Amino acid sequence: MPDLVLVVVVLAAVVFDFVNGFHDTANAIATSVLTRALSIPSAILMASGLNFLGALVGTHVATTIGKGIVDPRQVTALIVLSALLAAVLWNLLTWYWGLPSSSSHALIGGVVGAVSAAETSVGFSGGVLSYSYAYGAFNTRGLTKIGLALVISPVAGLLAGFLLMIVLMWVFRRCAPGRLNRWFRRLQVFSAAFMAFSHGGNDAQKTMGIITMALVSGGVLSTFEVPFWVKLLCAAVMATGTAVGGWRIIRTVGRKVMSLAAIHGFAAETSGALVIQVCTHIGAPVSTTHVISSCIMGVGASRRLAAVRWGVAGQIVLAWVLTLPLCMMLGATAYWLIAWVQ
């Protein structure tokens, strides 16, 4: 792999990491801002700092991304670059529309689409269009693990938010609402911090995995092991992206899904952070957007089903469902366009 191409791939990964932090800031701070537990500047500053710290802890998710989708020795710089371009474009589009879509789905879909395009041969034989497809690069076991994590984690978030809110309502059933709200407004600072730390730990590792994959495929590294400079770079860039913020998505996540009090925000953030921490520990890349949105829905459903604005929730779910196939198409298209230009 030429040095210049590798540099371009790393720069594209840095852009994705920045956009990921920018796009997903709402995951950590939306409920705290909208319950007025934290001001926007304070929330963003705290989230960026804890995103940075969380990103430096562990590399289990990075290994799953870098080795679990495809064998890094069987991919090229063009495949990695195409996947990153697809994910960045999708993140920017959904940010513009104010939809809390999944950066994880976008990146994984981009990789699968680009690899599929690279392994598909199309041509004419006897005047008839024909094509062939090779499955050699994909790691089916790793893809199964990733797919299960992406599907199960929102369900786990929904149940965790529902159950934690039920427990809190029972424990504090005799407290005056005003007093209870003051207590949990203070506690939300800690739950938001926990969520921000968890977000950094899972999301930044995805970019670490992609960069390390490129380094292995380019022969810079002989084995898949995330270098410290890659960890530091991804942590710093995600923290910077988080500091820039994303108010459009904060409004959708925190205000449009349901009306929030401080106790609801605390329950959603705490349950979401716990789910993400478990997934990070086992090396499962999950969508922090999916998890926190599901936790908010679970918290709302514990009060009554009508407390959740299911029309908005349906729009969010639609974005979730569309992200993976559309990013696969974007990844494949990017690969074919760049290959054609070359």
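Procedures and definitions
- Residues numbered from 1 in each chain as written.
- Predicted model: local features only at pLDDT ≥ 70, side-chain atom pairs only at ≥ 80, totals over all residues.
- Heavy atoms only, no water.
- Helix = DSSP H or I, 4+ residues; strand = E, 2+ residues; numbered from the N terminus.
- Contact = heavy atoms within 4.5 Å.
- Areas by Shrake-Rupley, 256 points an atom, 1.4 Å probe, with all protein chains shown as cover.
- 1 Å grid on protein atoms, 1.4 Å probe; cavity = no way out; pocket = protein on both sides within 12 Å on 5 of 7 lines; lining within 4 Å.
- Points joined across faces, edges and corners; volume = space filled by probe spheres on them.
- Nonpolar A, V, L, I, M, F, W, Y, C, P; charged D, E, K, R; others polar.
- Patch = residues over 30% accessible without salt bridge, like charges linked within 9 Å, V, L, I, M, F, W, Y side chains within 5 Å.
- Salt bridge = Lys/Arg side-chain N within 4 Å of Asp/Glu carboxyl O.
- Buried < 20%, exposed > 50% of the residue type's maximum accessible area, 1.4 Å probe, protein only.
- pLDDT = per-residue confidence, 0-100.
- Expected span 1.5 Å × (residues − 1).
- Bend = angle between axes of the 7 residues up to and from the residue.
- Polar contact = N/O pair within 3.5 Å; in protein donor to acceptor, adjacent residues only side chain to side chain.

Visitor: Would you mind showing me how to read the overall build of the protein here?
Guide: Across its full length, the protein holds twelve helices and two strands. Along the chain direction, N to C, the helices and strands of the protein fall in the order α-α-α-α-α-β-β-α-α-α-α-α-α-α. For the protein, long-range pairs separated by at least 24 residues make up 84% of all intrachain contacts whose partners lie at least 6 apart in sequence. As presented, the protein carries roughly 14,700 Å² of accessible surface, and 69% of it is formed by carbon and sulfur atoms.

Visitor: Mind showing me how you'd approach empty space enclosed by the protein here?
Guide: Rolling a probe over the atoms, with the probe sized like a water molecule, indicates the empty space that remains. Under the definition given, this model contains one cavity of 30 Å³ or more. Taken as a whole, the largest cavity encloses approximately 30 Å³ of empty space. Lining the largest cavity we find Val70, Val75, Ile79, Val80, Ala83, Val111, Val115, Ile210 and Met213. If one sorts the elements of the lining of the largest cavity by residue count, helix H4 (residues 77-97) sits on top with three residues. Residue composition of the lining of the largest cavity, grouped by class: nine nonpolar, no polar and no charged.

Visitor: What should I look at first to understand a nonpolar patch on the surface in this one?
Guide: A surface patch of nonpolar side chains, amounting to about 510 Å² of accessible area, comprises Val155, Leu159, Phe162, Leu163, Ile166 and Met169. Within the secondary structure layout, Phe162 lies in helix H6 (residues 140-171). Taking relative accessible area as the criterion, Phe162 reaches 32% and is therefore assigned partly exposed.

Visitor: What exactly am I supposed to notice about the environment of Val151 here?
Guide: In this structure, Val151 sits in helix H6. Residue Val151 is classed as exposed on the basis of its relative accessible area of 59%. Along the backbone, Val151 and Val286 are 135 residues apart, and their C-alpha atoms lie at a distance of 8.8 Å.

Visitor: Would you mind showing me how to read the confidence of the model for the protein here?
Guide: In low-pLDDT regions, the fine details of the predicted coordinates are not to be read closely. Here the protein averages 81 in pLDDT, and 83% of its residues register 70 or above. For the protein, per-element mean pLDDT is lowest for strand S2 (residues 128-133), which scores 43, and highest for helix H10 (residues 262-281), which scores 92. Ignoring residues within four places in sequence, the model shows residues 122-135, a span with pLDDT below 50, making 19 contacts including any to other chains.

Visitor: Would you mind showing me how to read H6 here?
Guide: Given 3.6 residues per turn, any residue in an α-helix points the same way as the ones three and four places further on. In this model H6 runs 45 Å from its N-terminal to its C-terminal C-alpha over 32 residues, within 8% of the 46 Å that 1.5 Å per residue would give. Remark: the principal bend of H6, roughly 30 degrees, maps to Ile152, with a proline, Pro154, within the next four residues. Every buried residue of H6 is listed here: Gly142, Ile146, Ala149, Leu150, Ser153, Pro154, Gly157, Gly161, Met165 and Leu168. For H6, the side-chain oxygen to backbone nitrogen distance between the N-cap and Arg141 is 3.2 Å, and the N-cap itself is Asn139.

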